[in-house]
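Residues per chain are reported as follows:
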Amino acid sequence: MVKKIVTWVLRWVVPPVVALVALGGIGSEVGPAWQARSGAGTPGTFTAVHESCGRQACTWYGDFAPADGSAVRRDVILYDSPDGLARGGTAAARDTGARGVFADAGGKFWLAATVFAAVGMAVGLLWLVWLVRAIHRRRGTPRPAQAR
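Residues numbered from 1 in each chain as written. Predicted model: local features only at pLDDT ≥ 70, side-chain atom pairs only at ≥ 80, totals over all residues. Heavy atoms only, no water.

Asker: Account for the sheet that holds strand β2 (residues 58-66), with residues named and values stated.
Answerer: Read around the closed barrel, five strands run β1-β2-β3-β5-β4, paired in mixed fashion. Here the average twist between neighbouring strands, direction ignored, is 50 degrees. Pairing analysis gives two bridges linking strand β3 (residues 73-79) to strand β5 (residues 101-103), with the strands arranged parallel. Within the sheet, the bridge partner assigned to Leu78 lies in β5 and is Val101. (Pairing = 2+ DSSP bridges. Helix = DSSP H or I, 4+ residues; strand = E, 2+ residues; numbered from the N terminus. Axes fitted to C-alpha atoms, helices over the stretch in contact; angles between N-to-C directions.)

Now the structure itself:
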């Protein structure tokens, strides 16, 4: 009985949650990350205000002042922050419309975001295939490959 419940949860609950988190969270940052990687966006200066650390990594939050003098964005994330950044320190960055800004020094955020979004899409598609097959089995309808 427990095995059936675990199997059901792993097939019908986990995949859509993973897909939604991957595509709705970091997946929305893929386009802006690629734009920053190619040098697009508004250049400016990021000033580090506070750092938030988890188990494996730390993230800098601060203010982004565009070079063109437009409005300062406050309390934004600095993706790919340079080593040695400290509170009050600055880094050249680009704003491409993401939740945060991207350090001009570059990094691998664009790659991580792309892989994470691709995994989310793959899991979501797999779940949809399982769902369609389950509906066909329940209705007794042959799958398209079996129809004649």
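Asker: Could you give an account of the pattern of salt bridges, with specific residues and numbers?
Answerer: Side chains that differ in charge, positive against negative, can pair when their charged atoms come close. Counted according to the given criterion, the structure contains four salt bridges. A salt bridge links Asp95 to Arg73; its shortest N-O distance comes to 2.8 Å. Of this pair, Asp95 sits in strand β4 (residues 90-95) while Arg73 sits in strand β3, and the two are 22 residues apart along the sequence. Note on Arg73: relative accessible area 24%, which makes it partly exposed. (Salt bridge = Lys/Arg side-chain N within 4 Å of Asp/Glu carboxyl O. Buried < 20%, exposed > 50% of the residue type's maximum accessible area, 1.4 Å probe, protein only.)

Asker: Residues and numbers for the side chain of Arg94, please.
Answerer: By the element assignment, Arg94 lies in strand β4. Classification of Arg94 as buried rests on a relative accessible area of 17%. A distance of 3.3 Å separates a polar atom in the side chain of Arg94 from the backbone oxygen of Gly39. What Arg94 contacts, discounting residues up to four positions off in sequence, is Ala36, Gly39, Ala40, Gly41, Thr42, Pro43, Phe64, Val101, Phe102 and Asp104. (Polar contact = N/O pair within 3.5 Å; in protein donor to acceptor, adjacent residues only side chain to side chain. Contact = heavy atoms within 4.5 Å.)

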